[in-house]
Amino acid sequence: MIRRAEAADLDQLTALTLALWPDCAYEERWNDMADLLASSEAAVFLLMDGENAAGFAQCQLRHDYVEGTESSPVGYLEGIYVAEPYRGKGCARELLKACERWAASWGCTEFASDCELHNTDSLAFHLKAGFTEANRIICFTKKL
């Protein structure tokens, strides 16, 4: 079952986000998720197995330019994760569909996402889900 996350889900949601982004501190992720759940321009959906969350998808509206798009705002998939036992069963696709429906309810006519260049699993998921690659970039920084 896919449902929208609520404040009562913060502990399970934070644990799932740390599985996707393990370099973050628990408290920081918990606070970030609490802020997102309170935002009218963001949504988080959970894959539920009974009372246990087994995956999530985080989306929000982006009003700034989104690579390859022509409209604003654009619905944007910020992160998606499904626990190992639930992979390969269409769960991520259902989470994505929930995000797309949410974005469409805000009047979005385009939906976008991104992934790291080395993340071939994410690239394959996006292409299979109907996304079209818009661009590839390499970002640079330097200390001043």
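Everything that follows concerns the structure shown earlier in this document.
Definitions and limits used
- Residues numbered from 1 in each chain as written.
- Predicted model: local features only at pLDDT ≥ 70, side-chain atom pairs only at ≥ 80, totals over all residues.
- Heavy atoms only, no water.
- Buried < 20%, exposed > 50% of the residue type's maximum accessible area, 1.4 Å probe, protein only.
- Helix = DSSP H or I, 4+ residues; strand = E, 2+ residues; numbered from the N terminus.
- Contact = heavy atoms within 4.5 Å.
- Patch = residues over 30% accessible without salt bridge, like charges linked within 9 Å, V, L, I, M, F, W, Y side chains within 5 Å.
- Areas by Shrake-Rupley, 256 points an atom, 1.4 Å probe, with all protein chains shown as cover.
- Salt bridge = Lys/Arg side-chain N within 4 Å of Asp/Glu carboxyl O.
- Axes fitted to C-alpha atoms, helices over the stretch in contact; angles between N-to-C directions.
- Left-handed = near helix turned anticlockwise from the far one by under 90°.
- Nonpolar A, V, L, I, M, F, W, Y, C, P; charged D, E, K, R; others polar.
- Arc of directions from axis to C-beta.
- Core = buried A, V, L, I, M, F, W, Y, C linked by side-chain atoms within 4.5 Å.
- Pairing = 2+ DSSP bridges.

A. Region of the structure containing helix α1 (residues 10-20). Of the positions making up α1, those classed as buried are Leu 10, Leu 13, Thr 14, Leu 16, Thr 17 and Leu 18. As for α1, its buried residues are in contact with α2 (26-38), β2 (42-49), β3 (52-62) and β4 (74-82).

B. Expanded view of a nonpolar patch on the surface. Together, Leu 117, Ile 138 and Phe 140 line one region of the surface with nonpolar side chains, adding up to about 390 Å² of accessible area. If you trace the backbone, Leu 117 turns up in the loop between β5 (111-112) and α4 (120-128).

C. Up close: unusual backbone geometry. The peptide bond linking Ser 72 to Pro 73 adopts the cis configuration, its omega dihedral lying at 0°. Relative to the elements of secondary structure, Pro 73 occurs in the loop between β3 and β4.

D. Spatial organisation of the packing of α1 against α2. Closest axis-to-axis distance for the α1/α2 pair is 9 Å, and the angle between their directions is 120°. The crossing of α1 and α2 is right-handed. Taking contact as the criterion, the partners of Leu 10, Asp 11, Leu 13, Thr 14, Thr 17 and Leu 18 in α1 are, on α2, Tyr 26, Arg 29, Trp 30, Met 33, Ala 34 and Leu 37. Residues belonging to the contact of α1 with α2 are distributed by class as follows: eight nonpolar, two polar and two charged.

E. Quick look at α4. Those residues of α4 that sit buried are Ser 122, Phe 125 and His 126. Within α4, the buried residues cover an arc of 95° as seen down the axis, which keeps them to one side. In α4, the exposed residues that point more than 90 degrees away from the buried face are Thr 120 and Lys 128. Buried positions along α4 lie against β4 and α3 (91-105). Where α4 ends, the next residue or the one after it, Gly 130, has phi of about 100°, a positive value.

F. Layout of the nonpolar core. Of all hydrophobic cores here, the largest spans 21 residues; its most connected members are Phe 45, Cys 59, Leu 77, Leu 95, Cys 99, Trp 102 and Phe 111. Of all the secondary structure elements, the ones that give two or more residues to this core are β2, β3, β4 and α3. Tallying contributions element by element places α3 first for this core, with seven residues.

G. Structural context of the pattern of salt bridges. In the structure shown here, the tally under the stated rule is six salt bridges. Salt-bridge contacts for Glu 94 lead to Lys 97; the nearest nitrogen and oxygen are separated by 3.4 Å. With Glu 94 and Lys 97 both in helix α3 and three residues apart, the pair spans about one turn of that helix. The partner of Glu 133 in a salt bridge is Arg 136, and the shortest N-O contact between them spans 2.6 Å.

H. Spatial organisation of the sheet that holds strand β1 (residues 2-4). Ordered in space as β1-β2-β3-β4-β5, the five strands form an open sheet in which the pairing is mixed. Both edges of this open sheet fall to β1 and β5, since each of them pairs with a single strand only. Bridge analysis of β1 against β2 gives three bridges, and the strand direction is antiparallel. Note that in β2 the partner of Arg 4 across the bridge is Phe 45. In the packing of α1 onto the sheet, the strands contacted are β2, β3 and β4, and the crossing angle to β3 comes to about 80°. The strands that α2 touches are β2 and β3; relative to β3, the one it contacts most, it runs at about 60°.

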